[in-house]
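# Reading the structure
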Amino acid sequence: MSVDAGALIVGDLRALRRGRARHFAPALALSLLFVGGFLLLEGLRPDLWLQPGWQIAAQMAVWLLCLVALPAVGVGLWFPGRATRVALGLMAVVAALVGALGPGLMDMFQGSGPMGQGPQLDRCVASTIGAGLPLLALGVLSGASAQRRRAGGALWVSGGVSLMALDAITWHCPSDDLGHNLFSHLGAAVLLLIVAAIAGLLAHRRQRAG
Amino acid sequence: MNPGISGLATLMDRYLDGDERAFVHLHAAVTPRLRGLLHKLVRDSATAEDLLQATLLKAHLARGGFEIRGDHADAAVQAWYATIARNLALDHLRGQVRDRKRRADAHDDRDPIAEIAADLPSIEEWQVDRETAEEIAGRVHAALAQLPAGQREIVELHKLAGLSMAEIAERLQIREGAVRVRAHRAYKALARLLGPAALLLFVELLGERGAA
């Protein structure tokens, strides 16, 4: 036998990754289209570019994470090591908090922020979940949740979906009320994350079994 | 990076998810042991290398069925590859035994000299001209003269007179099995006396003579 099995296998794995990339490029394009459509219909917040630079940077980081990094890990296009995965997770949490709450975050830690609103179902909760559900359906129906052997892949995709919805509502709603942003934006995103995680795990179980 | 045994399960897990870098590291970690195992089983470096490549390909095709069970995940990966390698080596060894047995079983129906010639390179590979061939034919006849009379007679009747084994047995009034045994011994002795190249030429010359 004059074959180099190692080279053949590496070639096969590269082809598999290219296939995944081709498969999920349309899903990413649809996600962008959907989020863009949502912001176009609902309107961007008037003070979007008047926010502090670090808050805008955090929101941009969230876009990058939810559109590229987390789905890439979730569908098996990127295989970072354990340390990088932990860093990604922490970065997602910090960027989401900073991007969504902005200066209110400092006030929250100092205990002096405006907390005009407690937990309540308002339009922003509905918008966040409403924006996230089609993205979640896209993730489940495209098979993104079932690409990795372990169910963890579905959780990365779910994280991407909920961050996308969070950033969309953050770019739409101009509220600087800590209570509103904490419960109606972040709270709704966490709720969406839970729903997306459950749906993703079920899809993973079903699609992998099938 | 050479993780040895530790870390194999992590690499395997990532490889199964499609991570090519993990496969490269896994490949580097498992192949030395597999190569050693296969060499120990088949006792031939080239065959062991072929079987190693076959093992990796077979494992790749069957990787969907791999599951880590028990507490010794890293050892499980090593054991999985080793099992595939061992099975392939055993198949290979069984195939060799079958081939030998088939040859022995088919001995009655085969031309012993053709059997020897079949394992040799083609005449074109030796690139000898007619003069050389005739010179070797002379050596063949000299070698024939060195054979015991009973063996020489059978070779002459079989290859030069073109009689079948049954016809030779009838003519010499001995059992056909005895004829075949003598013929086999004679051709082996010729191969030893002449070397494979000359014996091959002998076969070719006889073939041309028969065709003429």
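Residues numbered from 1 in each chain as written. Chains lettered and ligands numbered in written order. Predicted model: local features only at pLDDT ≥ 70, side-chain atom pairs only at ≥ 80, totals over all residues.

### What to know about the overall build of chain B
For clarity, the threshold we go by: Numbering of helices and strands starts at the N terminus; helices are DSSP runs of H or I of at least 4 residues and strands are runs of E of at least 2. Residue burial is a threshold on neighbouring C-beta atoms within 10 Å of the residue's own C-beta, all placed from the backbone, with 20 or more meaning buried, 12 or fewer meaning exposed, and counts in between meaning partly exposed. Each residue gets a C-beta atom placed from its backbone, and two residues are in contact if those atoms lie within 7 Å.
Helix and strand counts for chain B stand at 11 helices and 0 strands. Each helix and strand of chain B, ordered N terminal to C terminal, gives the series α-α-α-α-α-α-α-α-α-α-α. Per-residue burial for chain B yields a buried fraction of 25% across its 212 residues. Expressed as a percentage of contacts within chain B between residues at least 6 apart in sequence, the contacts between residues at least 24 apart total 68%.

### As for the overall build of chain A
Secondary structure summary: chain A contains 7 helices and 0 strands in total. What you see in chain A, going N to C, is helices and strands ordered as α-α-α-α-α-α-α. When burial is assessed residue by residue, chain A has 40% of its 210 residues classed as buried. Long-range contacts, defined here as pairs at least 24 residues apart, represent 89% of the contacts in chain A between residues at least 6 apart.

### Here we look at the packing of helix α2 (residues 53–74) of chain A against helix α6 (residues 152–172) of chain A
Residue and element names in this part refer to chain A. Put simply, the test is: Only the contacting stretch of a helix is used when fitting its axis, a line to C-alpha atoms as for every element, and angles between N-to-C directions run 0 to 180 degrees. Our angle categories are set so that under 35 degrees counts as roughly parallel, over 145 as roughly antiparallel, 65 to 115 as roughly perpendicular, and the remainder as oblique. Crossings are classed by handedness, with left-handed meaning an anticlockwise turn of the near helix from the far one by less than a right angle and right-handed meaning a clockwise turn. Asp, Glu, Lys and Arg are counted as charged, while Ala, Val, Leu, Ile, Met, Phe, Trp, Tyr, Cys and Pro are counted as nonpolar; the rest, among them Gly, fall into the polar class.
Contact geometry of α2 with α6 gives a least axis separation of 8 Å together with a crossing angle of 160°. The orientation of α2 with respect to α6, classified from their angle, is roughly antiparallel. The hand of the α2/α6 crossing is left-handed. Packed against α2, whose contacting residues are Gln59, Val62, Trp63, Leu65, Cys66, Leu67, Leu70, Pro71, Val73 and Gly74, the element α6 presents Gly153, Trp156, Val157, Gly159, Gly160, Leu163, Met164, Leu166, Asp167 and Thr170 at the interface. Across the contact of α2 with α6, the residue classes tally to 13 nonpolar, 6 polar and 1 charged.

### Some details on the interface of chain A and chain B
Counting residues at the interface gives 16 residues for chain A, matched by 16 residues for chain B. Of the residues contributing to the side of chain A that touches chain B, the split by class is 9 nonpolar, 2 polar and 5 charged.

### A few points about the environment of A:Ala168
Residue and element names in this part refer to chain A. Residue placement: Ala168 occurs in helix α6. Through-space distance from the C-alpha of Ala168 to that of Gly36 is 8.7 Å; in sequence the pair is 132 residues apart. Those residues in contact with Ala168 that sit more than four places away from it in its chain are Val35, Phe38, Leu39 and Ala131.

### Section: helix α2 (residues 20–42) of chain B
Residue and element names in this part refer to chain B. Put simply, the test is: To get the bend at any residue, fit one axis to the seven residues that end at it and another to the seven that begin at it, then take the angle between the two axes.
At Val30, α2 is bent by approximately 35°, the largest bend along its length, and proline Pro32 sits one to four residues beyond. Turning to α2, its buried residues are Phe23, Leu26, Ala29, Val30, Leu34 and Leu38. Phi for Arg43, located one or two positions after α2, is positive at around 55°.

### Side note on the confidence of the model for chain B
Residue and element names in this part refer to chain B. The cut-off we apply is this: Confidence scores labelled pLDDT are given residue by residue by the predictor and lie between 0 and 100.
A residue-level look at chain B finds 71% of positions with pLDDT of 70 or above and a mean pLDDT of 77. Every residue in residues 125–129 scores below 50 in pLDDT, and together they form 4 contacts with partners more than four places removed in sequence or on other chains. Scoring the predicted complex yields pTM 0.65 and, for the interface, ipTM 0.78.

### A look at the nonpolar core
A general tendency of soluble globular proteins is for nonpolar side chains to be buried together. Filter applied, for reference: The term nonpolar core means buried Ala, Val, Leu, Ile, Met, Phe, Trp, Tyr and Cys residues held together as one set by C-beta atoms within 7 Å.
With 52 residues, the main nonpolar core has A:Val62, A:Leu65, A:Ala165 and A:Leu166 as its most contacted residues. Elements with a contribution of two residues or more to this core: α1 (5–42), α2, α3 (82–101), α5 (123–141), α6 and α7 (178–209) of chain A. With residues near it in sequence (within four places) discarded, A:Leu65 still touches A:Leu70, A:Met91, A:Ala92, A:Ala95 and A:Leu163. Within the second largest apolar cluster, 23 residues are counted, among which are B:Ala29, B:Val30, B:Ala59 and B:Trp80.

### Re helix α4 (residues 73–105) of chain B
Test applied: Any helix carries an expected span of 1.5 Å times its number of residues minus one.
For α4(B), which comprises 33 residues, the first-to-last C-alpha distance of 47 Å matches the rise-based estimate of 48 Å (1.5 Å per residue) to within 8%. Taken together, the buried positions of α4(B) are B:Val77, B:Trp80, B:Tyr81, B:Ala85 and B:Ala89.

### Considerations on unusual backbone geometry
All names here are of chain B. Positive phi is not limited to glycine here, since Arg43 has a value of about 55°. Relative to the helices and strands, Arg43 is located in the loop between α2 and α3 (45–61). On the basis of neighbour count, Arg43 is assigned to the exposed category, with 10 C-beta atoms found within 10 Å.

### Observations concerning the environment of A:Leu13
Examined against the element boundaries, A:Leu13 turns out to sit in helix α1. Ignoring anything within four residues of it in the chain, the contact list for A:Leu13 reads B:Gly18, B:Glu20 and B:Phe23.

### Re the packing of α2(B) against α3(B)
Residues and elements named next belong to chain B. One can describe the packing of α2 onto α3 by two numbers: an axis separation of 8 Å at closest approach and a directional angle of 130°. With respect to each other, α2 and α3 are oriented oblique. Of the two possible hands of crossing, α2 and α3 adopt the one that is right-handed. Seen from α2, the contacting residues are Thr31, Leu34, Arg35, Leu38, His39 and Val42; seen from α3, they are Ser45, Thr47, Ala48, Leu51, Leu52 and Thr55.

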